[in-house]
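# Tertiary structure, described
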Amino acid sequence: MRKKIVAGNWKMNNTLQEGVKLAQDVNAILAKEAPKCTVILGTPFIHLADVVRNVDNKLVKVSAENCADKEKGAYTGEVSAAMVKSTGAEYVILGHSERRAYYGETDEILKNKVDLALANGLQVIFCIGEVLEQREANQQNEVVKAQVENALFHLSAEQFSQIVLAYEPVWAIGTGKTATSAQAEEIHAYIRSVVAAKYGNQVADDTTILYGGSCKASNAPELFAQPDVDGGLIGGASLKAEDFHGIIAAFK
Ligand code: PEP
């Protein structure tokens, strides 16, 4: 059975103190009523170690939002996968559309990041998704297929089992525009078929595929009820504990 996951992506928000408080608040809510899914907080690097110390690992897992494409050395300002792992974080988000668009992260760079993350014992939340013009040209399937193939399909089946996919249509991120549950299901099922063609049905069945893009408490139940939608990657609505919990509670 594949994992159901609700993962927050704080992006470049929250001071250290604000982030620790938010993590404590999420943890306190979940301590009262255990979540029916895996809950992950994706935080900036500076928060990782403190957030790990301030949550119950059985209730909340911690993720970085990025890691370097180099192992170690003279790369001023970068943070390696080994450094992320040393904080106690268990996951890293890679390939987010903001990293692709603003920091020039290509499939080749992402492939290196994925390899380093896995080599250092991190699980990867790997983001894929088309921009608006591609959706309007009905190219979304070929876009996500290429993103998955180019950055992930060199992995063995065993390595691939450490990957969570997050389908995030770029036109829905932070825009208030959500894919309909039918649109989400259609492309999630397609992504699973791409995984099945490469790794077989069992691996595809076991792969968690999250939806991301203006997901909130009001639309999460319908999105997560789709057979191929296994939870969400949440940006804006992960910045308040109650909002984030409203999404987690979609899994009853
Ligand atoms: C994201 O950036 O991963 C995301 C899904 O953002 P939002 O929920 O704010 O659209």
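To start, this report covers the structure provided alongside it. (Residues numbered from 1 in each chain as written. Predicted model: local features only at pLDDT ≥ 70, side-chain atom pairs only at ≥ 80, totals over all residues. Heavy atoms only, no water.)

## Here we look at the packing of aromatic side chains
Formally: Pairing of aromatic rings covers Phe, Tyr and Trp, the last counted by its six-membered ring, and requires centre-to-centre distances within 6.5 Å; plane angles under 30 degrees mean stacked, over 60 mean edge-to-face, and any other angle means tilted. When a residue's accessible area, from a 1.4 Å probe over protein chains only, is under 20% of the maximum for its type it is buried; when over 50% it is exposed; and in between it is partly exposed. Runs of H or I in DSSP of at least four residues are treated as helices and runs of E of at least two as strands, each being numbered from the N terminus.
By the definition in use, this model includes four aromatic pairs. When the centroid spacing of 6.3 Å and the interplanar angle of 65 degrees are considered together, the rings of phenylalanine 153 and phenylalanine 160 count as edge-to-face. The exposure classification of phenylalanine 153 matches that of phenylalanine 160, with both residues buried. Seen in terms of ring centroids, phenylalanine 153 and tyrosine 199 are 5.4 Å apart; in terms of plane orientation they differ by 90 degrees. Their pairing is edge-to-face. A residue pair is termed long-range when its members are at least 10 positions apart, and phenylalanine 153 in the loop between helix H7 (140-152) and helix H8 (157-160) and tyrosine 199 in helix H9 (residues 181-199) qualify at 46 residues.

## Remarks on the sheet that holds strand S8 (residues 231-234)
For the record, the criterion: Strands qualify as paired when DSSP identifies two bridges or more between them. To get an axis, fit a line to the C-alpha atoms, keeping to the stretch in contact for a helix; angles then go from 0 to 180 degrees between the N-to-C directions. Here a residue-residue contact requires only that any non-hydrogen atoms of the pair lie within 4.5 Å.
An order of S1-S2-S3-S4-S5-S6-S7-S8 is seen for the eight strands of this closed barrel, with the pairing classed as parallel. When strand polarity is set aside, the average angle formed by the axes of neighbouring strands in this sheet is 25 degrees. The pairing of strand S2 (residues 38-43) with strand S3 (residues 61-64) spans four bridges and is classified as parallel. Counted as the bridge partner of isoleucine 40 is lysine 61 from S3. Lying over the sheet, helix H5 (residues 107-119) contacts strand S4 (91-94), strand S5 (123-128) and strand S6 (163-167), oriented at roughly 175 degrees with respect to S4. The sheet contacts of H9 involve S5, S6 and strand S7 (209-212), and relative to S7 the element is tilted by about 145 degrees.

## A word on unusual backbone geometry
Positive phi outside glycine occurs at asparagine 14, with the angle close to 85 degrees. Relative to the helices and strands, asparagine 14 resides in the loop between strand S1 (5-9) and helix H1 (16-32). Accessibility expressed as a relative area gives 24% for asparagine 14, which makes it partly exposed. Of note, the phi angle at asparagine 138 is positive, near 60 degrees, even though the residue is not glycine. Here asparagine 138 shows up in the loop between helix H6 (132-136) and H7.

## Considerations on the environment of tyrosine 199
Operational definition: A 3.5 Å cut-off defines polar contacts: any pair of N or O atoms within that distance qualifies, except that in protein one atom must be a possible hydrogen donor and the other a possible acceptor, and neighbouring residues in sequence count only when both atoms are side-chain atoms.
Under the relative-accessibility criterion, tyrosine 199 is labelled buried at 14%. Along the primary structure tyrosine 199 and phenylalanine 153 are separated by 46 residues, whereas in three dimensions their C-alpha atoms are 8.9 Å apart. Excluding its chain neighbours within four sequence positions, the residues that come into contact with tyrosine 199 are Leu152, Phe153, Leu155, Ser156, Ala157 and Phe160. A polar side-chain atom of tyrosine 199 sits 3.3 Å from the main-chain carbonyl oxygen of leucine 152. Side-chain polar atoms of tyrosine 199 contact the backbone oxygen of leucine 155, separated by 2.7 Å.

## A short note on H9
Quick reminder of the rule: A helix is expected to span 1.5 Å multiplied by its residue count minus one.
Taking 1.5 Å of rise per residue, 19 residues should cover 27 Å, and H9 covers 26 Å from first to last C-alpha, within 8% of that figure. When we look at burial in H9, the residues that qualify are Ser181, Ala184, Glu185, Ile187, His188, Ile191, Arg192, Val194, Val195, Ala196 and Tyr199. At the exit of H9 stands glycine 200, carrying a positive phi of roughly 95 degrees.

## Some points on the state of the cysteines
Note the following rule: Here, two cysteine sulfur atoms that lie within 2.5 Å of each other are counted as a disulfide.
Enumeration according to the criterion identifies zero disulfides in this entry. Cysteine 67 provides the cysteine sulfur closest to cysteine 127, a residue in no disulfide bond, and the two sulfurs are 13 Å apart. Overall, cysteine 127 belongs to the buried group, its relative accessible area being 1%. Between cysteine 215, a free cysteine, and cysteine 37, which holds the nearest cysteine sulfur, the sulfur-to-sulfur gap is 11 Å. You can call cysteine 215 buried: its relative accessible area is 5%.

Treat this as a map of the structure, not an account of what it does.
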